[in-house]
Amino acid sequence: MHAANIKFQLTTNSPEETRQLGEKIGQHIQAGMVIALFGDLGSGKTVFIQGLARGLGVPADYYVTSPSYTLINEYPARHTLFHVDLYRINHPMDFEEIGLFEIMHNSGVVAVEWADRLQKDLLGEHVSVKLETPDVESRNIYITAYGLEPTNLLKKLQIKS
Ligand SMILES: Nc1ncnc2c1ncn2[C@@H]1O[C@H](COP(=O)(O)OP(=O)(O)OP(=O)(O)O)[C@@H](O)[C@H]1O
Ligand SMILES: [Mg+2]
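Model, not experiment: these values are computed from the prediction.

## Some remarks on the overall build of the chain
Part 1 of the reasoning: Per the secondary structure count, the chain includes 6 helices and 7 strands.
Part 2 of the reasoning: Sequence-ordered secondary structure for the chain, helices as α and strands as β, is β-α-β-α-β-β-α-α-β-α-β-β-α.
Part 3 of the reasoning: Computed over C-alpha atoms, the radius of gyration of the chain comes to 14 Å, within 12% of the 15 Å expected from 2.2 N^0.38 for 161 residues, which places it in the range of a compact globule.
Part 4 of the reasoning: For the C-alpha atoms alone, the extent of the chain along its principal axes is close to 40 × 35 × 30 Å.
Part 5 of the reasoning: Each of the 161 residues in the chain was classed as buried or not, and the buried ones make up 50%.
Part 6 of the reasoning: A sequence separation of at least 24 residues applies to 64% of the contacts in the chain between residues at least 6 apart.
Part 7 of the reasoning: With the model as given, the accessible surface of the chain reaches about 7,900 Å², and the carbon-plus-sulfur share is 50%.
Part 8 of the reasoning: Side-chain charges of the chain comprise 14 positive and 19 negative groups, with the mean position of each set lying 8 Å from the other.

What follows is the structure, given as structure tokens:
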């Protein structure tokens, strides 16, 4: 387990602001990065990943939506984006079945919704994004780097909390 060595918190006031935060991270992200998303139903995990996709250069005609039934969606981009949703997963065996560990920390970027379904030590180095819903249009977003590469990524963003 890595010590959390850089973190920040900010509040967005519209879905587009949350998308823009994801976009900024997508513009700077390197291959092999894992983004773990935490937050209730409707907290904005998918909206954030829509921005991540935009920043990575996923063509605009791909509609990024929660892969609840397929478990993993794959989008072509500067680094292939794997969008994983673990909402329906409740048995560790399932992780192997969906091939999650094969794609993590490889040549693509992996964004995992409902990452709390995974044991944290299985995630390895990652950026954690936690979303809270104080009201209908606002989200408090807590971003934490676990590991060296995630720390370097957040340093590049220069987002002030
Ligand atoms: N500041 C905001 N940031 C993000 N989404 C917002 C914000 N304000 C309102 N919303 C709305 O909240 C909803 C977020 O939905 P989204 O599908 O991204 O949630 P989710 O966390 O992926 O949920 P699920 O766990 O069901 O997959 C959208 O309807 C969006 O329009
Ligand atoms: Mg979602």
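Now that the structure has been shown, we can carry on.
## Looking at the nonpolar core
Part 1 of the reasoning: Formed by 28 residues in total, the largest nonpolar core has its most connected members in Ile25, Ile29, Ile35, Leu81, Val129 and Ile143.
Part 2 of the reasoning: Contributions of two or more residues to this core are made by strand E1 (4–12), helix H1 (15–28), strand E2 (34–38), helix H2 (45–56), strand E5 (109–113), strand E6 (126–135), strand E7 (138–146) and helix H6 (148–157).
Part 3 of the reasoning: Top contributing element to this core by residue count: H2, with 5 residues.
Part 4 of the reasoning: In this structure, isoleucine 143 is in contact with Ile6, Lys7, Phe8, Leu21, Ile25, Val127, Ser128, Val129 and Leu154, ignoring residues within four places of it in sequence.
Part 5 of the reasoning: Counting 19 residues, the second largest nonpolar core, distinct from the first, contains Val34, Val112, Leu118 and Leu123.

## Section: the site of ligand 1
Part 1 of the reasoning: Taken together, the neighbourhood of ligand 1 is formed by 19 residues, with Thr18, Gly42, Lys45, Thr46 and Val47 sitting nearest.
Part 2 of the reasoning: Separating an oxygen atom of ligand 1 from a backbone N or O atom of glycine 44 is a distance of 3.0 Å.
Part 3 of the reasoning: In isolation ligand 1 offers 640 Å² of accessible surface; the protein chains occlude 76% of this area.
Part 4 of the reasoning: Elements with a contribution of two residues or more to the shell around ligand 1: H1 and H2.

## Comments concerning the packing of aromatic side chains
Part 1 of the reasoning: Applying the stated criterion across every chain yields a total of 2 aromatic pairs.
Part 2 of the reasoning: Here the aromatic rings of tyrosine 62 and tyrosine 75 are separated by 5.9 Å at their centres, their planes lie at 90°, and the arrangement is edge-to-face. Taken together, the residues span a long stretch of sequence, with tyrosine 62 in the loop between H2 and strand E3 (72–75) and tyrosine 75 in strand E3 at a distance of 13 residues.
Part 3 of the reasoning: Given the relative accessible area of 39%, tyrosine 62 is considered partly exposed.

## Quick word on the packing of H1 against H2
Part 1 of the reasoning: It is at 6 Å that the axes of H1 and H2 come closest, and there the two elements cross at 40°. Here H1 lies oblique to H2, going by the angle between them. The handedness of the crossing between H1 and H2 is right-handed. Along its contact with H1, which presents Pro15, Glu16, Thr18, Arg19, Gln20, Leu21, Gly22, Glu23, Ile25, Gly26 and Gln27, the element H2 presents Val47, Phe48, Gln50, Gly51, Leu52, Arg54, Gly55 and Leu56.

## Examining the coordination of the magnesium ion (ligand 2)
Part 1 of the reasoning: The protein atoms that coordinate the magnesium ion (ligand 2) are Thr46 (OG1), Ser66 (OG) and Glu113 (OE), at distances spanning 2.1 to 2.2 Å.
Part 2 of the reasoning: Along the chain, the residues donating to the magnesium ion (ligand 2) are arranged with the sequence spacing T-x19-S-x46-E. Here threonine 46, found in helix H2, pairs with serine 66, found in the loop between H2 and E3; they are 20 residues apart in sequence, far enough to count as distant.
Part 3 of the reasoning: With relative accessibility at 16%, the residue threonine 46 sits in the buried group.
Part 4 of the reasoning: You can call serine 66 partly exposed: its relative accessible area is 27%.

## Considering the environment of leucine 122
Part 1 of the reasoning: Secondary-structure assignment places leucine 122 in helix H5 (residues 120–123).
Part 2 of the reasoning: Exposure remark for leucine 122: the relative accessible area of 34% places this residue in the partly exposed category.
Part 3 of the reasoning: Expressed as a C-alpha distance, the spacing of leucine 122 and leucine 153, which sit 31 residues apart in the sequence, is 20 Å.
Part 4 of the reasoning: When near neighbours in sequence (up to four residues on either side) are disregarded, leucine 122 contacts Phe101 and Met104.

What counts and how
- Residues numbered from 1 in each chain as written.
- Chains lettered and ligands numbered in written order.
- Predicted model: local features only at pLDDT ≥ 70, side-chain atom pairs only at ≥ 80, totals over all residues.
- Heavy atoms only, no water.
- Helix = DSSP H or I, 4+ residues; strand = E, 2+ residues; numbered from the N terminus.
- Rg over C-alpha atoms; globule rule 2.2 N^0.38 Å.
- Buried < 20%, exposed > 50% of the residue type's maximum accessible area, 1.4 Å probe, protein only.
- Contact = heavy atoms within 4.5 Å.
- Areas by Shrake-Rupley, 256 points an atom, 1.4 Å probe, with all protein chains shown as cover.
- Lys, Arg positive; Asp, Glu negative; His and termini not counted.
- Charge placed at Lys NZ, Arg CZ, Asp CG, Glu CD.
- Core = buried A, V, L, I, M, F, W, Y, C linked by side-chain atoms within 4.5 Å.
- Near = heavy atom within 4 Å.
- Polar contact = N/O pair within 3.5 Å; in protein donor to acceptor, adjacent residues only side chain to side chain.
- Phe/Tyr/Trp six-rings, centres within 6.5 Å; stacked < 30°, edge-to-face > 60°.
- Axes fitted to C-alpha atoms, helices over the stretch in contact; angles between N-to-C directions.
- Parallel < 35°, antiparallel > 145°, perpendicular 65-115°, else oblique.
- Left-handed = near helix turned anticlockwise from the far one by under 90°.
- Donors = N, O, S within 2.8 Å, 3.2 Å for Na, K, Ca; no water.

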